[in-house]
Structures are given as structure tokens and as C-alpha cells.
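Spelled out from the first residue to the last, the chains are:
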Amino acid sequence: MDFVRSRELSARLKSVVPGGSHTYAKGDDQYPEFGPRVIARGSGSHVWDVDGNQFIEYGMGNRAVTLGHVYPSVVEAVQKSLALGTNFTRPAAIELECAETFLGIIDGAEMVKFTKDGSTADTAALKLARAYTGRDMVAIAAEHPFFSYDDWFICTTTMDGGIPEFERGATLRFSYNDLDSLRALFTKHPGQIAAVFLEPARIDEPLPGYLEGVQALCREHGAVSVFDEMITGFRWHIGGAQKLYGVTPDLSTFGKAVANGFSVSVLCGRRDIMRLGSRERPNDNVFLLSTTHGAETPALAAAIATMQVYKSEPVIEHLHRQGERLRQAVVQVVARHGLSEHVPIMGRACNLLHGARGPDKKPSQAFRTLFLQELIRRGVLAPSFVMSYSHTDEDVDRTIDAVDGALSVYARALNDGVDGYLVGAPSRTVFDRK
Ligand SMILES: Cc1ncc(COP(=O)(O)O)c(C=O)c1O
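Residues numbered from 1 in each chain as written. Predicted model: local features only at pLDDT ≥ 70, side-chain atom pairs only at ≥ 80, totals over all residues. Heavy atoms only, no water.

Student: Mind showing me how you'd approach helix α5 (residues 118-133) here?
Tutor: One turn of the α-helix equals 3.6 residues, which is why residues spaced by three or four share an orientation. For α5, spanning 16 residues, the distance from its first C-alpha to its last is 23 Å, which sits close to the expected 22 Å at 1.5 Å a residue. When we look at burial in α5, the residues that qualify are Gly118, Ser119, Ala121, Asp122, Ala124, Ala125, Leu126, Leu128, Ala129 and Thr133. Positive phi appears at Gly134, one or two residues downstream of α5, with a value of about 70 degrees. (Helix = DSSP H or I, 4+ residues; strand = E, 2+ residues; numbered from the N terminus. Expected span 1.5 Å × (residues − 1). Buried < 20%, exposed > 50% of the residue type's maximum accessible area, 1.4 Å probe, protein only.)

Student: When you look at the site of the ligand in this model, what are you seeing that I'm missing?
Tutor: Residues in contact with the ligand, as listed here, are Asp117, Gly118, Ser119, Asp122, Phe146, Phe147, Glu199, Asp228, Met230, Ile231 and Lys256. A distance of 2.8 Å separates an oxygen atom of the ligand from a polar backbone atom of Gly118. A per-element tally of the shell around the ligand places α5 first, with three residues. (Near = heavy atom within 4 Å. Polar contact = N/O pair within 3.5 Å; in protein donor to acceptor, adjacent residues only side chain to side chain.)

Student: Help me understand the side chain of His46 in this model?
Tutor: Tracing the backbone through its elements, the reader meets His46 in strand β2 (residues 46-49). Of note is the side chain of His46, whose polar atom sits 2.8 Å from the side chain of Gln54. Ignoring sequence-local partners within four residues, the contact set of His46 consists of Arg41, Gln54, Phe55, Ile56, His69, Asp395 and Arg398. (Contact = heavy atoms within 4.5 Å.)

Student: What should I look at first to understand helix α12 (residues 315-336) in this one?
Tutor: In a regular helix each residue adds 1.5 Å, so 22 residues correspond to 32 Å; α12 covers 32 Å between its end C-alpha atoms and thus fits that length. Where α12 is buried, its residues touch α11 (297-312), β11 (345-346) and α14 (393-416). After α12 finishes, the residue Gly338 shows a positive phi value of roughly 70 degrees.

Student: Please explain the side chain of Thr157 as it appears in this structure.
Tutor: Within the secondary structure, Thr157 sits in the loop between α6 (151-154) and β6 (171-174). In this structure the side chain of Thr157 is engaged in a polar contact, spanning 2.9 Å, whose partner is the backbone oxygen of Ile154. Other than its neighbours up to four places away in sequence, Thr157 contacts Phe431, Asp432, Arg433 and Lys434.

Just distances and angles here, no functional claims.
As C-alpha cells, then:
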């Protein structure tokens, strides 16, 4: 395996695109030196890099590609829509079709608006909540790593350059699964918190009554509850985590899996809040998600086709079944290597993550990088173990073998020191939370 062309193209990319990619999470500093840097194409659960190396891929497209690369019915729907035109001076009929299809699946939502990025959808939810409540502050779950590239969220991270001082201070943090910490924020800032943002679940499941408690606190204190379903949506349950846990937020946001990698994200929720962006009444003055490309028709065609697959095929069951198979086998392999305290396998089966701890049993970027490097050497590109509908039993079996091989190196590196095994520098995190 060599990565000559990868290195060349990545150097050129970095000289013309800051960060060398359009998502920091895909950047060179997130991955081992020994590995693919630029991808040429994908098919199903596999990708080929620009040097022709083939990999089983996990967490494809930052978890957007849940059906698999080049999924036939999605590609066909996009091709058909291309022949009809991509953008018009008035709304396209497909905007209605997509909205009705979505609202038929996410049945707690009464109105929906599409946009391109999850960040934009979350920021729009905050804007609506601020307009609805007449308040400025927002409370976010401290353990949830990302809501938006916009200032109201990024100011809570170490990548906070270019954010004006007045933006800071309006974003408060509470602990997930700890109602008292949210209650304390409402007590400290009475009548000031417009919205409470959280992912309904992440690595931890919500404790019994927790999401209901968040909803009740929001009601009691007049704040808008927002569930970010960017990851849980179209993964935990076809109706979203809100359906699975039986708690309907005031607003919610979706993205990623909804269009199998095409650029569609979603803001949806209560009609009385969403209507502030409708311009139907004299006081409807929220400039809500009005963009040139918001209703680009091929993306909406991709979303409709993706949702049809979810409705007619056991996608959710597959994601959970394959994830569970992988989890059980990997946990056994990890135990066989005596690494249970070093390589934890975490999260829901449809959203499986691997941890990497060093000799001191603390999270280690060097050991994470080594694990990724040794998986790559064995044909698996796995920043996570997040499944798609295209991952086959054979993919999972090959991954288990790759994990087995990678862990023998990991175990040796724990004894001998990681430096002798790692090619190049450890990867970095994109940012830390302040
Ligand atoms: C939970 C969550 N919310 C919001 C976002 C932002 O979505 P996007 O990258 O489409 O702007 C992400 C992206 O990773 C996410 O994981």
C-alpha cells in the first residue's frame, strides 16, 4: 500500500483550500500519516483512494451516507430530477413532496423548512426560539461536541478566533442526564434563556424521565426545547430519537442521513413557533432560512428517495444488527488481547465508537492514531464503527480480523512505547471545549 498520489494531491489541496478540506474532521491532522488522504470514489461500503487502495469505510461522509455510496435508487432519483432543472424562480413541486414525505415520517413535527447544513438549521432554531421568547440566552448540553459552526456555539470552543466579544456569554452549559444542572441555569438566569439544545442521546442513553424532565423544565421556564437529531435521526428510529423515547421537542433539527450524503438539512417543529418565519401575519418578522440553494431540486429528490428506502426496507434494523454483531465480536477480540481497559467500544449499535487509551489508561491521541493506522494497513478506514445499510456480513467479518491484527500491534506498543510503531505524528482534535 502506498499513498504517493494522496500525498501530492493533499499538499496541493492545502495550498489552495485552508485546512485542505471542507470539513476540519476530514483534515490530514485528524488521521494517521500512513493512510489515504484523498478519496477517488466509493461504492456501497467501500472507497478507493487516489492511489487505487480499497477500504471498507465506516461513518461515511461524516455519518451522512447511511444507505451506502452510489445507492442505486437515490442516484436514479437525482438523475431524473437533473433532467427537469435544478432551481426555479418559484417553488418547485418537489419542495411540497419532500416536506410532506418528511412530516409523514417525523410525526411530532407540524412544519418543516429545508436548508443545506446542520449548522444552519441549528442556528435557525435558535433564532426562532429567540424571536418566540424575546430572550437572548441559550443553554447547550456540555457533553455534546457540536451544534453549529456559527459563533453562538463555536465561541464555547478553543477555535474561537474572529468571534466578537458581544457573542460570548449568551451561551450557557448544562450537563446531559443531570436535570439539576439545567434547573440551576434557569434559576440563575430567570426569564433569560430562549432555548435548550441537546442531542436526545449520544454515547449515553437518556436516563428514565430525563428527556421528559428537560421538556417540563422548558415549559415551566418558558424556553423552547430543541433536539438536535443530526446523528440520531434516521438512525435510532425512522421517526427519530424523539419517537423512540416518546418525547416530542418544540423544535428539532435533522441532516446528514436524511439525503444519503446530499446536502439537505432540516428544521422542523411546532407550527406556532415555525410560523414566525411565514410572513402571513403582521408580526411574522423572522428571516427564516431563505437561501438561493435551499430548495435545490436534486438534493430534495435524494432526500425523498432516501426516505422511501427507510420506509420500505429494514434500514434501521440493519444498522443496529450489524453494529451489534461488530460490537460483540470486537469486545471479545479486545478482551482476548487483554485490552478491555484500553479500547472501549461505546455507543448505540447504529452509532458505534471506539476509544483509545494509553498505558496510563487515559484517552490518547497517539494510540487512537496507531489503531486507525493499523486498521488502514488491513484495509479498513474507521474513524468510528458507524454502519451503513450497505455494510455486509463479509465487511463486518473482515473488520473483525482487521481489529484483531491492529490490536496485536496496539498491545505491543503499550509495552514498548507507541513511538516505535506510529508512522508520523499523532492526530489532533479539531478543538477542545473551553
Ligand atoms: C450533532 C450535530 N449537530 C450539528 C452538526 C452540524 O452539521 P453540519 O456539519 O451539516 O453543519 C453536526 C455535524 O457534525 C453534528 O454532529
